[in-house]
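The primary structure of each chain is shown beneath.
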Amino acid sequence: MENLFQMNFTPAQVKELSSLGLAHVGDGAYELLCRAYLCTKGDRTVKKLHADTVNMVKAPAQAKMADVIKPHLTEEELGYFRRGKNAHTHAAPKSATAQEYAKATGLEALFGALFLLGQTQRLNQLFRMGIE
């Protein structure tokens, strides 16, 4: 049975996925990182955990994280980010500009690619860099 928490796609397999497919996986990986991070911050009510998670996963917050980590990305990672950023999304939420939404989709595509490649240490490193 395949371990879906420990993916080991090849770069060629990741390349075959659509940009929005990568962002879809990355959205889940990013939210899980946010939830785990918030749980390490001490005792909080479920309501507070949920509210803080929602604030972290909104497009403007993701866009800010993208701006922080982008200078530290490798060329390969920048490629995944650009794929997501340039994806043709059909609608942005009211709480974000089109530019913020594009950056957020880029961040999610990057996180999706790293997750699928099994590069969880790098994923954790970039996430921590972005929240500090």
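Higher on the page you've got the structure.
Here is what the cut-offs are and how they apply
Throughout, residues of each chain are indexed from 1 in the direction in which the sequence is written. A pLDDT threshold of at least 70 governs which residues receive local features in this predicted model, and a stricter bar of 80 or more applies before side-chain atom pairs are shown or counted, although totals over entire chains, interfaces and linings include all residues. No hydrogens and no water enter the side-chain calculation; it runs on all heavy atoms of the structure. Classification of residues uses two cut-offs on accessible area relative to the type maximum, computed with a 1.4 Å probe and protein chains only: under 20% is buried, over 50% is exposed, and between them is partly exposed. Secondary structure is summarised from DSSP: a helix means a run of H or I of at least four residues, a strand means a run of E of at least two, and numbering begins at the N terminus for each. Working note: the arc is built from the helix axis to C-beta atom directions. Contacts between residues were defined by any pair of non-hydrogen atoms, one from each residue, lying within 4.5 Å. Given the number of residues in a helix, its expected span is that number minus one, multiplied by 1.5 Å.

A. Structural detail: helix α5 (residues 75-85). Within α5 the residues assigned to the buried category are Glu-77, Leu-78, Tyr-80, Phe-81 and Gly-84. Down the axis of α5, the sector holding all buried residues measures 160°, keeping them to one side. Residues of α5 that are buried make contact with α1 (11-16), α2 (19-39), α4 (59-69), α6 (98-116) and α7 (120-131).

B. Up close: the environment of Asp-27. Examined against the element boundaries, Asp-27 turns out to sit in helix α2. The sequence separation of Asp-27 and Gly-130 amounts to 103 residues, and the corresponding C-alpha distance is 15 Å.

C. Region of interest: the side chain of Thr-53. Structurally, Thr-53 can be placed in helix α3 (residues 46-57). Filtering out sequence-adjacent residues up to four positions away, Thr-53 remains in contact with Glu-31, Arg-35 and Leu-38.

D. α7, seen in detail. For α7, with twelve residues, the first-to-last C-alpha span of 16 Å sits near the 16 Å given by 1.5 Å per residue. Of the residues making up α7, those classed as buried are Arg-122, Leu-123, Leu-126, Phe-127 and Gly-130. In a view along the axis of α7, the buried residues occupy a sector of 135°, so they form one face of it. Where α7 is buried, its residues touch α2, α3, α4, α5 and α6.

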